[in-house]
Amino acid sequence: MRSIIDYLKEIILGVWSLLKGMKVTGSYFFRPGTIITQKYPNNRKDLVMFDRFKGEVVMPHNEKNEHKCTGCGICEINCPNGSIEIISKSILTEDGKKKRAIDKHIYRLSMCTFCALCVKTCPSNALAFSQEFEHAVFNRALLIKTLNKPGSQLMKGVE
Amino acid sequence: MLFDIVDVNSSPSLSDPWWKVFYDFSSLTHKIDSSLHNAMSQFWTTIAEMLIIGVLILLFYALIGLFLVYAERKVCAFMQNRLGPNRVGPFGIFQTIADLFKLLFKELIPIKNADSFLFNLAPFIVIIASFMAIAAIPFAKGLHAIDLNIGVLYVIAVSAMGVIGVLLAGWSSNNKYSLIGAMRSGAQIVSYELSVGLSIITIVILAGSMQLSEIVEAQRTGWFIFKGHIPAFIAFIVFLVSSTAETNRGPFDLAEAESELTAGYHTEYSGIKFAFFFLAEYINMFIVASIAATVFLGGWMPFNVGHWDGFNHVMDFVPPFVWYIGKTFFVIFIMMWFKWTFPRLRIDQLLTLEWKYLLPINLVNVLIMAFLVLMGWHF
Amino acid sequence: MEEKVKNITTDEQQEYVINMGPQHPSTHGVLRLVVSLKGEIVKSVQPHIGYIHRGIEKMCESITYPQIIHLTDRMDYLSAHINNEAVCLTVEKALEVEIPDRIKVIRTIMSELTRIQSHQLWWASFGMDLGGLTCFFYGLRDREKILDIFEETCGSRMIVSYNCPGGLMYDIHPNFQKRVKEFIKYFRKILPEYDQLLSGNVIFHERSKGIGKLTLEDAVSYGITGPSGRASGFSCDVRKHEPYSAYDKIKFKEILFTEGDTYHRYIARIDEMWESMNIIEQLIDNIPEGPYAVKMKPVIKLPEGEYYQRVETARGELGVFIISDGNKSPYRVKFRSPNFVNLSVLNHIAKGFKIADLVAIGGSLDLVIPDIDR
């Protein structure tokens with residue numbers, strides 16, 4: 001007799017625990033308002049990334065097409081993967097002195113691990129992260145980017 | 001003749017308005033039958049009727065399959081707090097059609113060292129088994145391809161045949177996972193077929209007939225789940241559990257067991273052959289759900305309550321076909337709810353559940369039901 | 001040929017060997033398990049590793065200390081922040097740098113958030129291993145909230161790279177405290193749902209209770225740490241026994257069970273989530289003012305010697321061992337990764353159970369394959 005009661009109790013408790021689980025899924029079924037899925041390509045216009053989001057490394061230029069990169073090469077040294085390469089040139093300043101400046105600041109996005117060491121260690125804050133995250137391209141060569149814009153110059157007062 | 005299943009006395013006259021046909025399809029089928037008779041001989045009439053029914057069922061089969069796949073994806077998505085398919089068409093309703101085309105265009109990968117005859121035969125056995133079962137299901141009054149006097153037995157027997165296809169698929173694939181999946185499936189169906197049969201026998205005792213049309217007709221005054229109260233309700237639950245197991249659906253999807261056996265018996269199938277298994281799974285679900293709806297929930301009978309004439313009139317106004325589909329999808333929804341809530345059982349627990357719990361409960365339940373019927377304690 | 005046929009019929013050859021992995025849904029990565037079966041019963045499990053070996057330890061020998069951080073992220077990617085912290089603590093210990101309280105507290109909060117999100121993903125995938133696919137989406141949905149917090153403060157979601165020797169890369173975001181508090185409030189409400197869905201479920205109990213029993217002696221001798229070890233009664237919480245960062249200032253309970261089966265490994269992790277929330281709540285309002293990083297030399301050179309530091313990741317004890325020869329890059333780095341050690345016990349505890357149990361046991365050990373191979 002005892003064992004029959006135990007047997008029935010086991011069944012009832014088991015079914016009860018299953019019903020509790022069904023309550024959870026059932027309640028979500030009737031509450032589609034709780035869905036947090038974003039319909040990504042459709043919400044592209046009003047999609048705001050966090051301002052610290054590490055999308056890709058960029059070199060901010062001001063409206064006069066000037067940047068802050070002096071070509072010191074610290075970012076190149078600090079990059080763990082060698083995704084940054086600086087090709088420098090020497091230019092003559094107005095007062096006739098020879099000075100080092102960047103010719104090309106090459107950034108290989110495909111090798112970047114977004115460790116932020118280049119941005120953090122840059123002595124003149126020439127690099128920054130943009131919030132752009134749609135990097136897919138059909139040609140791998142397009143991922144090798146030159147960060148300084150053509151014809152850009154060093155901002156005045158940055159050493 | 002295949003069409004005349006409803007007794008001739010009740011067949012309505014042809015002068016009824018056209019929409020009456022939705023409440024009783026027998027006048028329409030009689031009309032087709034007699035006009036075919038006038039045009040050709042007895043032999044060709046039968047052949048033509050068989051063809052018409054075959055094409056109709058095929059169409060219905062494909063439509064239901066497509067819809068059920070979509071419904072499952074949407075239901076599971078909402079239960080999992082996500083959106084589900086939403087790209088192809090409004091609310092993603094054409095997603096399954098897109099998937100179908102994808103499966104049609106996919107390569108059929110030949111398997112090295114597989115038994116190619118059995119390998120190719122298996123999906124057809126699975127799908128033919130579900131075809132045969134669908135023939136005996138009463139969709140609405142007069143919409144019933146074949147009304148056998150042992151309809152219930154026929155449906156159970158035929159729907160269990162699909163396991164042969166599963167076993168063949170697992171055996172012939174030359175894949176170790178597939179073989180384990182097939183063997184599990186065999187053990188599973190052999191045991192759960194008992195429970196399905198016994199839980200339906202409980203109702204057969206109450207109805208006093210195995211003919212599906214008579215079972216439905218007997219529920220005119222009340223569905224069996226209400227008429228037979230406690231034992232009928234227990235039988236309904238047991239039937240739900242064991243039919244979920246019989247169709248290899250979660251939490252009893254051991255034959256597929258994605259996390260253990262990758263895809264179980266259909267690991268090696270690709271393209272349209274895989275689609276056959278996939279489709280057959282959903283049609284099997286539809287079949288067991290419609291058996292549950294027919295046997296326990298009154299089939300196409302509307303919901304009538306004793307003497308509430310106004311209420312009953314409103315309920316009668318809804319066409320029987322809608323009632324039938326509604327009940328079937330209610331049962332399908334419950335089965336989906338099971339699948340998307342519970343973790344999977346282990347094979348020994350699966351058999352324990354059957355032999356130590358469902359079978360004894362069922363046997364006692366049959367006894368109780370027989371006692372109730374003898375004493376006349378049902379409604 | 002005839003001999004071959006004869007061999008198959010002998011008793012020893014009646015084992016049914018299947019390959020789980022390297023591509024298999026339940027190995028969570030590229031782990032390969034060669035499983036010998038007799039029917040459904042597992043006779044032996046041979047793990048084969050190395051499919052995602054990247055040579056992180058060797059790579060560390062050629063890069064500087066700040067650069068190691070971005071590699072440790074990619075070992076146990078679910079405890080990325082804790083791995084970073086381990087390396088930073090080792091370097092700071094070697095240089096004998098005094099770390100301000102603010103950094104310690106922020107690191108502790110971030111570590112605990114990492115632990116919660118790791119356990120959430122574990123819960124999600126463990127539910128999926130057992131066939132409850134809904135768990136996966138609930139777990140990921142809640143994990144998303146923590147990842148958003150990470151993204152706002154660290155800039156990345158999973159591979160955070162938030163630490164650097166001497167402190168943190170940036171200060172916390174102004175919204176950080178508010179968001180964390182919101183999350184704690186939300187998750188305290190949601191966590192009981194996990195219990196209703198899975199922990200209380202009778203099928204789950206059947207599947208997990210008494211499965212894969214690991215005794216205390218075996219846990220100690222195999223060196224099983226983390227929640228898996230603590231479920232067997234092995235008191236191995238580094239946060240308690242050798243407190244680092246701010247763990248010495250807070251009150252928390254070490255989750256200990258004695259049963260050591262799959263169910264208790266599960267419960268230990270669920271309880272750890274509650275405990276982590278307690279830790280965060282103690283700290284989140286008391287973040288002291290101060291600098292977010294100590295000024296370090298531009299080129300960090302460790303004095304000659306050997307340094308070891310251990311921390312508690314979400315999976316167990318992570319040890320970082322650095323031999324320095326005085327240069328800017330280490331002479332040798334060795335990571336004592338918890339997953340590698342935890343994997344070694346799989347054959348011992350899965351033997352004699354069914355193949356479905358093997359999946360459950362593997363899930364309950366919470367293996368992250370890149371951490372095994374490194």
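Residues numbered from 1 in each chain as written. Chains lettered and ligands numbered in written order. Predicted model: local features only at pLDDT ≥ 70, side-chain atom pairs only at ≥ 80, totals over all residues.

Residue and element names in this part refer to chain B. Considered domain by domain, chain B is made up of domain 1 (27–105) and domain 2 (116–375). Contacts between the two partners involve 15 residues from domain 1 and, on the opposite side, 16 residues from domain 2. Sorting elements by how many residues they give to the side of domain 1 that touches domain 2 places helix α2 (residues 42–79) first, with 11 residues. (Domains from an automatic or database assignment. Contact = placed C-beta atoms within 7 Å. Helix = DSSP H or I, 4+ residues; strand = E, 2+ residues; numbered from the N terminus.)

Residues and elements named next belong to chain C. Pairing is antiparallel in the open sheet, where 3 strands are placed in the order β6-β7-β8. In the strand order of this sheet, the two ends are held by β6 (305–312) and β8 (332–336), each with one partner. The sheet shows a mean angle of 10° between the axes of neighbouring strands, direction not considered. Pairing of strand β7 (residues 317–324) with β8, which is carried by 5 bridges, proceeds in the antiparallel orientation. Across the sheet, the residue bridging to Gly-319 is Arg-336, located in β8. Lying on the sheet, helix α4 (residues 80–95) is in contact with β6 and β7; it crosses β6 at an angle near 145°. (Pairing = 2+ DSSP bridges. Axes fitted to C-alpha atoms, helices over the stretch in contact; angles between N-to-C directions.)

All right, on to the interface of chain A and chain C then. Contacts between the two partners involve 21 residues from chain A and, on the opposite side, 21 residues from chain C. Listed by contribution, the elements that provide at least two residues to the side of chain A that touches chain C are α1 (2–29) and α3 (117–121) of chain A. The element that contributes the greatest number of residues to the side of chain A that touches chain C is α1 of chain A, accounting for 8 residues. Each residue belonging to the side of chain A that touches chain C can be placed in one class, and the counts come to 11 nonpolar, 5 polar and 5 charged. (Nonpolar A, V, L, I, M, F, W, Y, C, P; charged D, E, K, R; others polar.)

Time to look at the confidence of the model for chain B. The pLDDT averaged across chain B works out to 81; a share of 93% of its residues lies at or above 70. Considering only residues more than four positions removed or in separate chains, one finds that residues 1–12 of chain B, a stretch of pLDDT under 50, has 26 contacts. (pLDDT = per-residue confidence, 0-100.)

The next subject is the sheet that holds strand β1 (residues 16–20) of chain C. All names here are of chain C. Spatially, β1-β2-β3 is the arrangement adopted by the 3 strands of the open sheet, whose pairing is antiparallel. Two strands in the sheet have a free side with no partner beyond their single neighbour: β1 and β3 (41–48). For this sheet the average axis-to-axis angle between neighbouring strands, irrespective of direction, equals 20°. Pairing of strand β2 (residues 32–38) with β3 involves 7 bridges; the strand directions are antiparallel. Residue pairing across strands places Leu-37 opposite Val-42, the latter belonging to β3.

A separate point is the nonpolar core. Residues Val-126, Ile-203, Phe-286, Ala-289, Ala-292 and Phe-296 of chain B together with Leu-358 of chain C are the most contacted members of the largest nonpolar core, which totals 151 residues. If you tally residues by element for this core, the top one is helix α12 (residues 271–295) of chain B, at 16 residues. Once residues lying within four places of it in the same chain are set aside, the contact partners of Ala-292 of chain B are Phe-239, Leu-240, Ser-243, Leu-297 and Val-331 of chain B. Within the second largest apolar cluster, 67 residues are counted, among which are Ile-82, Leu-89, Val-105 and Ile-279 of chain C. (Core = buried A, V, L, I, M, F, W, Y, C linked by C-beta atoms within 7 Å. Buried ≥ 20, exposed ≤ 12 C-beta atoms within 10 Å, placed from the backbone.)

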